[in-house]
Amino acid sequence: MLLSPTDDGALGVRGLRERVRRFLPNRALLSQAPVAFAGLGAAAVMVTAIGLLRTKVLTNALRPEQYGTLSYALALFLTVLGVVNLGLGTGLRRRLALGQEEPQLLLGTALSASLTAGAITLGVGTALALGYGDAIVRDPDGTVVLAAVLAGVPLALLDTLWLDALYAADRRKAAASYLLVFRSFAVATVVVGALLAGLQGAAVGFTLGFVPSALWGFARRGLQARPRFSRRALGTLLRDGGVNQTIIASNLLTGFVVRSLVISHLGKVPLALYAVALAVSVPLSQFIGAGLSGTFFNEFGRGGPEARLLAIQTHRRIVEAVAVVVVPLGVLLLPLGLQILTSADYSSAVHAGRLLLLAAAIEGLFFIEGNALFIADRIRWYVVVQNAGNLVLVAVAAVVVGSGIAWVAAASIVAQAFQFGFARISVNRMYPGVAPPAPLVLVALVLAVGASTAVGPAPYLLAAAGAFVGAWHLGRVVQSRRRLRLA
């Protein structure tokens, strides 16, 4: 965790350098962080902002029970998409980055596999929706909603493939434009559908939103996307991307099971509240995971054990400093955020949202250790820890779901803490010598936990104190960097 400087008293220039070196051992990495995050995290921030806009319009256009039904159907859509995706996009990015395969053969094989998986999913999904749609979604409109949403899986497979192809070709500007244009269009179609035809219109609009992006790759001359097939290329793609996709599919399946528990025991309105609480908390883990964690991923693999240790320490230092500031600020701003994003019907989601903010921050910290485990070739152990944590979440949620959505959110904290604890212990054993946490971070963490779990006016008092302590620590980091430059 974070390293704390020793109190050396009066320091000369040499002592100051040594002190700052211990506090911020990888200054070059810190100086590159804003630029790297701008490249890797901008897309995640943009997609998150568009998603929040969609949440705002849908929660105002649909009744809470309708929004609960739609969120449940979309959770099933994401789970099916995660399962049938097979990790082809991830494998494509890794293979093209190595430059050891023919690009068109890899892309054509991934395209053929995606088209096949999409056709099978469309047939099975349509039959399932027509036969059991009302029972699965627990709504009289379930057949139409489920059929419409699952019809988007083949289109979404192509959408993700084109995006991965752009990233694999290192066309980040083109990928950012792709996200901005097509995600905005997707939000527009689901919003227009909801305003015109309610729940069924929103489901149909959701699927129609993927049509332009699915067709885009065939018209893009630079990609030259044409179906091809190579058994060897398919095996390579599945092998390289399968592990990562297994983790994604496991997380999505766990989320769907938890939502199933909520809708079965509490109903559609509590599920809508839970979905809104997730919508305002998940951006924090995406910011840390896709932004800050992605910024330093490559640094873990550079140099020998000492260089990796410095990268891990610096990485932890930055992410934890940000987390202990963002969580209490999120607690303070959450009521205002819910008021802006939703109607008055969702105001009771505040408590669950505070708990999920803390869970999201812990998940973001878990990403750090996951990066180190991946680089150290401990992928199987990472998968074990990830799946064990998901089982913990389902088990705890099944026990406490009858007490309300706040207890389900608390189950997420237990599961994320379980994953983070085991992963951190594993990394510390691989890289001995990692320093203990800074005292200010521990204090800010305790205040953040109190702010997320307390009731009444206490959360806001604790959050204000936690934000102050966290900002104080972050200020010490910035001040140390400036003093190093002056020295």
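Preceding block: the structure.
Just so it is clear, the structure is predicted and the values come from calculations on it, not from any experiment.

**Q** How should I be thinking about helix H4 (residues 64–84) in this particular structure?
**A** One full turn of an α-helix is made of 3.6 residues, so residues set three or four places apart face in the same direction. Look at H4: 30 Å from first C-alpha to last across 21 residues, which is about the 30 Å you get at 1.5 Å a residue. Across the 21 residues of H4, 17 count as buried, placing the element largely inside the fold. Following H4 by one or two positions, Leu86 adopts a phi angle in the positive range, close to 65°.

**Q** What is the right way to read empty space enclosed by the protein from this model?
**A** Remark: the empty space left among the atoms is shown by a probe the size of a water molecule rolled over them. Applying the stated criterion across every chain, the model contains one cavity of 30 Å³ or more. Counted as a void, the largest cavity has a volume near 30 Å³. Around the largest cavity, the lining residues are Asn85, Leu88, Gly89, Ser114, Leu157, Thr160, Leu161 and Asp164. For the lining of the largest cavity, the elements supplying multiple residues, two or more each, are helix H5 (88–98) and helix H8 (153–168). Per-element accounting of the lining of the largest cavity gives the leading share, four residues, to H8.

**Q** So what exactly am I meant to see when it comes to unusual backbone geometry here?
**A** A negative phi angle is the norm for most residues apart from glycine, just as the trans form is the norm for most peptide bonds. Phi angles above zero are rare outside glycine, and Leu86 is one such case at about 65°. In this structure, Leu86 sits in the loop between H4 and H5. Located in the positive-phi region is Arg138, a residue other than glycine, with phi close to 60°. The topology assignment puts Arg138 in the loop between helix H6 (103–137) and helix H7 (142–150). A relative accessible area of 36% places Arg138 in the partly exposed class.

**Q** Got a minute to help me understand a nonpolar patch on the surface in this structure?
**A** Nonpolar side chains collect at one region of the surface, where Leu115, Val204, Leu208, Val211, Leu215 and Phe218 lie side by side and expose about 470 Å² of accessible area between them. Those elements giving two or more residues to the nonpolar patch turn out to be helix H9 (172–208) and helix H10 (211–219). Counting residues per element, the nonpolar patch draws most heavily on H10, at three residues. For Leu208, the location among the structural elements is in helix H9.

**Q** Please clarify how the packing of H6 against H8 should be interpreted in this entry.
**A** Packed helix pairs are specified by the crossing angle of their axes together with the interaxial distance, meaning the distance between the axes. Contact geometry for H6 and H8: axes closest at 8 Å, N-to-C directions at 160°. Viewed along their axes, H6 and H8 adopt a mutual orientation that is roughly antiparallel. Here H6 and H8 pass one another in a crossing that is right-handed. Residues Leu107, Ala110, Leu111, Ser114, Leu115, Ala117, Gly118, Thr121 and Leu122 of H6 form the contact with H8, whose own contacting residues are Val153, Pro154, Leu157, Leu158, Leu161, Trp162 and Ala165. The residue inventory of the contact of H6 with H8, partitioned by class, reads 13 nonpolar, three polar and no charged.

**Q** Teacher, can you tell me more about the environment of Gly475 here?
**A** In this fold, Gly475 is placed in helix H19 (residues 458–486). Judged by relative accessible area, Gly475 falls into the partly exposed class, the value being 35%. Separated by 154 residues in sequence, Gly475 and Ala321 place their C-alpha atoms 9.8 Å apart.

**Q** Explain the pattern of salt bridges to me, please; I cannot follow it from the model alone.
**A** Opposite charge on two side chains permits pairing when their charged atoms draw close. Taken as a whole and assessed by the stated rule, the structure comprises four salt bridges. The shortest N-O distance in the salt bridge between Lys268 and Asp139 comes to 3.0 Å. Taken together, the positions of Lys268 in helix H12 (residues 268–295) and Asp139 in the loop between H6 and H7 put the pair 129 residues apart, joining distant regions of the chain. On the basis of relative accessible area, Asp139 is assigned to the buried category, the value being 9%. One salt bridge in this structure joins Asp159 and Arg183, with 2.9 Å as the shortest N-O distance. Of this pair, Asp159 sits in helix H8 while Arg183 sits in helix H9, placing them 24 residues apart in sequence. Judged by its relative accessible area of 1%, Asp159 falls in the buried class.

**Q** Sorry if this is basic, but what is going on with the environment of Leu237 here?
**A** Note on placement: Leu237 falls in helix H11 (residues 231–265). For the pair Leu237 and Arg95, spaced 142 residues apart in sequence, the C-alpha to C-alpha distance is 7.5 Å. The residues touching Leu237, leaving out its near neighbours within four places in the chain, are Gly87, Leu88, Gly91, Leu92, Arg95, Leu106, Thr109, Ala110 and Gly242.

Thresholds applied
- Each chain carries its own residue numbering, running from 1 in the direction its sequence is written.
- Predicted model: local features are reported for residues with pLDDT of at least 70 only, side-chain atom pairs are reported and counted for 80 or more only, and whole-chain, interface and lining totals are derived from all residues.
- Each side-chain value is worked out from all heavy atoms of the structure, with water and hydrogens disregarded.
- Note on conventions: DSSP H or I runs of at least 4 residues are helices, E runs of at least 2 residues are strands, and numbering of each starts at the N terminus.
- How far a helix is expected to stretch is found by multiplying one less than its residue total by 1.5 Å.
- Three labels apply to residues, based on accessible area from a 1.4 Å probe with only protein chains included: buried if under 20% of the type maximum, exposed if over 50%, partly exposed otherwise in between.
- As defined here, a cavity is a set of points on a 1 Å grid over the protein atoms alone where a 1.4 Å probe fits but cannot get out. A pocket is an open set with protein on both sides within 12 Å along at least five of seven lines, and residues line them when an atom is within 4 Å of a point.
- Grid points are joined across faces, edges and corners, and a volume is the space filled by probe spheres set on the points.
- Exposure above 30% relative accessible area and no salt bridge define the residues that can form patches, which grow by joining like charges within 9 Å and nonpolar side chains of Val, Leu, Ile, Met, Phe, Trp and Tyr within 5 Å.
- In this description, accessible areas are obtained by the Shrake-Rupley approach with a 1.4 Å probe, and a residue is regarded as covered only by the protein chains that are shown.
- Counted as salt bridges are all cases of a side-chain nitrogen of Lys or Arg within 4 Å of a carboxyl oxygen of Asp or Glu.
- The axes are straight lines fitted to the C-alpha atoms, using for helices just the contacting stretch, and the angles between their N-to-C directions are given from 0 to 180°.
- What sets the label is the angle itself: under 35 degrees gives roughly parallel, over 145 gives roughly antiparallel, 65 to 115 gives roughly perpendicular, and the rest give oblique.
- By definition, turning the near helix anticlockwise from the far helix through less than a right angle yields a left-handed crossing, and turning it clockwise yields a right-handed one.
- Should any heavy atoms of two residues lie within 4.5 Å, those residues are considered in contact.
- Here the nonpolar group is Ala, Val, Leu, Ile, Met, Phe, Trp, Tyr, Cys and Pro; Asp, Glu, Lys and Arg are the charged ones; every other residue, Gly included, is treated as polar.

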